[in-house]
Structure formats: structure tokens, C-alpha cells
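Residue-level listing of the chains:
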Amino acid sequence: MRSMMLRKLTAALAVVFVSQGAFAEEAVLNLYSARHYQTDEALYEGFTRQTGIRINRIEGNEQELLERILAEGDNSPADVLITVDAARLAQAEAYGIFAPVKSVVLEARIPAHLRSAHWFAFSTRARVIIFNQRKLKAADVATYESLADPKLKGLLCSRSGAHPYNLSLVASQIAHHGEAATEAWARGMVANFARAPKGGDSDQIKSVAVGECGVAVSNSYYLARMMASERVEERNLLKRVGIVWPNQGAYGTHVNVSGGGMVKTSKNRAAAVAFLEYLASDEAQRYFANANNEWPAVPGVKIDNLELDELGRFTADTLPLPTLANNLVAAQKLLDRAGYR
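Predicted model only: the values in this text are computed from it and were never measured. (Residues numbered from 1 in each chain as written. Predicted model: local features only at pLDDT ≥ 70, side-chain atom pairs only at ≥ 80, totals over all residues. Heavy atoms only, no water.)

A.B. asks: Let's hear about empty space enclosed by the protein: which residues, and what values?
C.D. replies: The tally for this structure, following the rule as stated, stands at three cavities of 30 Å³ or more. Counted as a void, the largest cavity has a volume near 140 Å³. Lining the largest cavity are 18 residues, with Ser158, Asn166, Leu169, Val217 and Tyr340 positioned closest to its centre. Of all the secondary-structure elements, those providing two or more residues to the lining of the largest cavity are helix 6 (164–177), helix 7 (179–191), helix 8 (201–210) and strand 5 (215–219). Here the lining of the largest cavity takes three residues from helix 6, the largest share from any one element. Here the lining of the largest cavity is composed, by residue class, of eleven nonpolar, four polar and three charged. Every residue lining the second largest cavity is listed: Leu31, Arg35, Asp40, Leu43, Tyr44, Ile82, Phe122, Ser258, Gly259, Phe275, Leu279 and Phe288. (1 Å grid on protein atoms, 1.4 Å probe; cavity = no way out; pocket = protein on both sides within 12 Å on 5 of 7 lines; lining within 4 Å. Points joined across faces, edges and corners; volume = space filled by probe spheres on them. Helix = DSSP H or I, 4+ residues; strand = E, 2+ residues; numbered from the N terminus. Nonpolar A, V, L, I, M, F, W, Y, C, P; charged D, E, K, R; others polar.)

Encoded structure:
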């Protein structure tokens, strides 16, 4: 009898331990993130507060994280990969890193052109044209196409043609105009370079402001950061710069994104989907906008960001991001041929 009682007690304890183990597994999310913004801490805290799911975070640059997940294979602990730029999301999808996600919440809240079957955009940033007001007028640089106009010879500054921001913009041009016309455009821009491509978007803004260049392209949130900077010299630089929302009379301004998806080897799938759905919530969408100067991907979310308000409203290009992704390889090849490096 005592033996039987011991067996029952052991079995009961086993059930408890198994249940506790299952609960612990469900209560953890392993996040690989290429977003390096301190303001995102509020996102993670908000998710844990709402769900009780603790986030283990690994940060790194985009390529490092992709290679790490591939190297880990089936043993990867990653549940969700978050990164920036449609080009990088498409690369992760091409590597077979993401699992398809079926979510009524995500499909209802994220517009169709900002998602694929495997990943979702959660914030957007526009590629705006900035110009030196002493050298040019807004009408001179009203479109992306105008950047190849010979009248801008010696005035254009750019970051590397191999950077995903530029690849995505060129991929969108292929979708709108075809490869031949886009290559001719790229060659025209190379002919207009004030210097060899270098630096990031902030460097392009500063170079335009001081007159090293007449015009450049930048992500909008870099401008918003400088507008809100505590450094007076940065705010003063912007007084010399004009901002254009390109192609407002046609297909609209190119937007890039930050987004993510569930890793196919995820061991915590319910938590992964819950996190992705949280990123599409009003609360998280406001964090993206108010804390990091990105526009919400979800339409209609009210934000409180003076810099974004000052930048004003614009018509965005609604080219489906998967279509853009399909042109990335062609974009890199034509940029190489054009000498845009």
C-alpha cells in the first residue's frame, strides 16, 4: 500500500514538474533584434507587463543575426527576428528563416502591402530628398527621377549603393519603370556625384547643410532626430536644408520599414505570435512613433510627436513590399553595372 502511495505521489509530482516546465517555456520569448534603439525597452516592458512573458534578447547587426540563426539550425533558440529594411526582411525570407504566420489580428491591422506570408512591417520611415537651400530649390528635386538630371552634376551625395536603404529604393524604381530605365537613372546619379558614396544618412544631411553637396536622400527619422536634438549646432544645420516629399504627383514617396517574423524553429510559437500581435497594438505603434520618430504601420493610430507633425503629411508609395523584395537582386546588379558603389 505504501509503495502504491509512493508511486501515486511520484506521478503527481511529475505532472506538476511537467506543467511547470511547460509554463516556463510558454512564459519566455527569445528575441533576436537588429533594432538598436534604447527606446525599444518600453516595447519589451509593455509586452511583458501585458502577457507575463519574459523576453530574452540577443542584439546584433542584421547579417550577424541571420548567419547566427542559420548556423544554429534546428537548435536555434530564436523565436522572433526583428530587423530594419524590407531588403533585410526579404533576405531572411529567402534564407528560409521565417515560418508562415496566420493571425487574424495581424492581417486586420497591418495593411496588405506592408506584409508577406512570413513577415510583417510594424513601423515605416520615408526616403525624403533634402537639399541645400542656397544651391537649389524644391522644384529642382521634386522627384527621385530628378536626381539624375544633368543640371545636378557635382551636387549629389549618397551613402553606398550596396546599402539596403538604397537597394530598396532602386528595387522600387525597377517596379515602377523597369530595369533599363532604372539603370539609366542610376548612371545619371553616378554622373552627378559630388564625391564617392560614404557615410550614413546623418552624414548626408550634414554634408548638404554645410554645402559639400546640394542634394541627398535620407530616412525621415534621421531628420526628426536632428530636429529634436539637444545640440544647438545640429538644429541650426537644419535651417539651411529644405525637405521634399518626392513624387507626390505620381506614385508617392518611397517608404521603408522595420518589421519581423517568427523563426521557423521557434520552440515558443504561441509567445512568438503574441509578441508580433503586440507590436501591432495601438500601444506599441505609439512607441514606434513617439519614441523613435517612425510612423505606425497600422493606419489611424494617434501619435504625439512634434517633429513628425512638423515634417507634415505626405502620400506614401503603396508598392507591395514583397514585389519590391523580388527586385533586390536585379537592383544590386544594375547598381554595380552603373558604378554606384
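What follows continues from the structure just given.
A.B. asks: Give a description of the UniProt feature "binding site: Fe cation" (unreviewed entry) in the chain that names residues and reports values.
C.D. replies: Residues annotated by UniProt as "binding site: Fe cation" (unreviewed entry) correspond here to His36, Tyr221 and Tyr222. In three dimensions, the annotated residues from a span of 187 residues occupy one location, with a maximal C-alpha spread of 14.1 Å. Considering the arrangement of structural elements, one finds histidine 36 in the loop between strand 1 (28–33) and helix 2 (41–51). Look past the residues within four positions of histidine 36 in its chain and what remains in contact with it is Glu59, Gly60 and Asn61. In terms of polar contacts, histidine 36 uses its side chain to reach the backbone carbonyl oxygen of alanine 34, at 3.3 Å. Judged by relative accessible area, tyrosine 221 falls into the buried class, the value being 2%. Apart from residues no more than four positions distant in its own chain, tyrosine 221 is found in contact with Tyr37, Arg125, Tyr165, Asn292 and Asn293. Polar contacts involving the side chain of tyrosine 221 include one to the side chain of tyrosine 222, which spans 3.4 Å. (UniProt positions renumbered as here; feature names shortened; annotations may be inferred. Contact = heavy atoms within 4.5 Å. Polar contact = N/O pair within 3.5 Å; in protein donor to acceptor, adjacent residues only side chain to side chain. Buried < 20%, exposed > 50% of the residue type's maximum accessible area, 1.4 Å probe, protein only.)

A.B. asks: Residue-level account of the state of the cysteines, with values.
C.D. replies: One covalent bond between the sulfur atoms of two cysteine residues makes up a disulfide. The tally for this structure, following the rule as stated, stands at one disulfide. With its sulfur 1.7 Å from that of its partner, cysteine 157 forms a disulfide with cysteine 213. Sign of the S-S torsion, about -70 degrees for the bond between cysteine 157 and cysteine 213, identifies this disulfide as left-handed. Taken together, the positions of cysteine 157 in the loop between strand 4 (120–132) and helix 6 and cysteine 213 in the loop between helix 8 and strand 5 put the pair 56 residues apart, joining distant regions of the chain. Neither cysteine 157 nor cysteine 213 differs from the other in exposure class; each is buried. (Disulfide = S-S within 2.5 Å.)

A.B. asks: So what's going on with the pairing of strand 5? Residues and values would help.
C.D. replies: For strand 5, the buried fraction is high: five of the five residues fall into the buried class. Going residue by residue along strand 5, you find Val215, Val217 and Asn219 tucked away on one face and Ala216 and Ser218 tucked away on the opposite face as well. Pairing analysis gives five bridges linking strand 4 to strand 5, with the strands arranged antiparallel. Bridge pairing in strand 5 places isoleucine 130 opposite alanine 216. (Pairing = 2+ DSSP bridges.)

A.B. asks: I'd like a rundown of the environment of proline 77, residues and numbers included.
C.D. replies: When you line up the elements, proline 77 lands in the loop between helix 3 (62–72) and strand 3 (80–84). For the pair proline 77 and asparagine 56, spaced 21 residues apart in sequence, the C-alpha separation works out to 10.0 Å. Once residues within four sequence positions are removed from consideration, proline 77 is found in contact with Asn30, Tyr32 and Glu72.

A.B. asks: Please set out the side chain of asparagine 327 residue by residue, giving values where relevant.
C.D. replies: Counting through the fold element by element, asparagine 327 comes out in the loop between helix 14 (321–326) and helix 15 (328–338). Overall, the relative accessible area of 15% leaves asparagine 327 in the buried class. Here the side chain of asparagine 327 touches alanine 171 through a polar contact of 3.2 Å, landing on its backbone oxygen. Setting aside anything within four residues of it in sequence, one finds asparagine 327 in contact with Ala171, Ile174 and Ala175.

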